[in-house]
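# Structure at a glance
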Amino acid sequence: MGDALRGGMNSLGQWRLLQIMANGQLGAAGYLCRPGETTFVPFGLVVLRIEDGHLIDIAAFQEQPSIFATFGLPASL
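Residues numbered from 1 in each chain as written. Predicted model: local features only at pLDDT ≥ 70, side-chain atom pairs only at ≥ 80, totals over all residues. Heavy atoms only, no water.

## Observations regarding the overall build of the chain
- Within the chain, the regular secondary structure consists of two helices and four strands.
- Listing every helix and strand of the chain by position from the N terminus yields α-β-β-β-β-α.
- The principal-axis extents of the C-alpha atoms in the chain amount to approximately 45 × 30 × 15 Å.
- Relative to its full complement of 77 residues, the chain shows a buried share of 25%. (Helix = DSSP H or I, 4+ residues; strand = E, 2+ residues; numbered from the N terminus. Buried < 20%, exposed > 50% of the residue type's maximum accessible area, 1.4 Å probe, protein only.)

Structure, rendered in C-alpha cells:
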C-alpha cells in the first residue's frame, strides 16, 4: 500500500509531514511543494485509528488549509 501511495503522491511534488494528535489518535499534517515552487503549503491531514496494535481506519481531510490553524500548525514550511 505504501508503494502505491508514494508513487501517486510523489507525482504531485515534494512532501513534508508533521506529526499531530487528533482526539488522542496519531496523525500527520501533509505539506506539499509543487514543482516550480519553493514553499511547502498545507495539503491535508491524516488521522490513524489504531486498536490493539492494528490500523483500523485512516481519516483524511484534504485541501482544507484552515484546519491546520486549528491544530496550531504553521501556514507554510
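## Some details on the pattern of salt bridges
- Following the criterion strictly, the structure yields one salt bridge and no others.
- Across the salt bridge formed by Arg 49 and Glu 51, the nearest N and O atoms sit 3.0 Å from each other. (Salt bridge = Lys/Arg side-chain N within 4 Å of Asp/Glu carboxyl O.)

## Some points on the sheet that holds strand 3 (residues 41-51)
- The strand order across the open sheet built from four strands is 1-2-3-4, with neighbouring strands paired in antiparallel fashion. One side of each edge strand has no neighbouring strand; the edge strands of this open sheet are strand 1 (14-22) and strand 4 (54-62). Neighbour-to-neighbour, the strand axes of this sheet turn through a mean angle of 25°, independent of strand direction.
- Looking at chain direction, strand 3 and strand 4 are connected through eight bridges and run antiparallel. Opposite Val 47, over in strand 4, you have Ala 59 as the bridge partner. (Pairing = 2+ DSSP bridges. Axes fitted to C-alpha atoms, helices over the stretch in contact; angles between N-to-C directions.)

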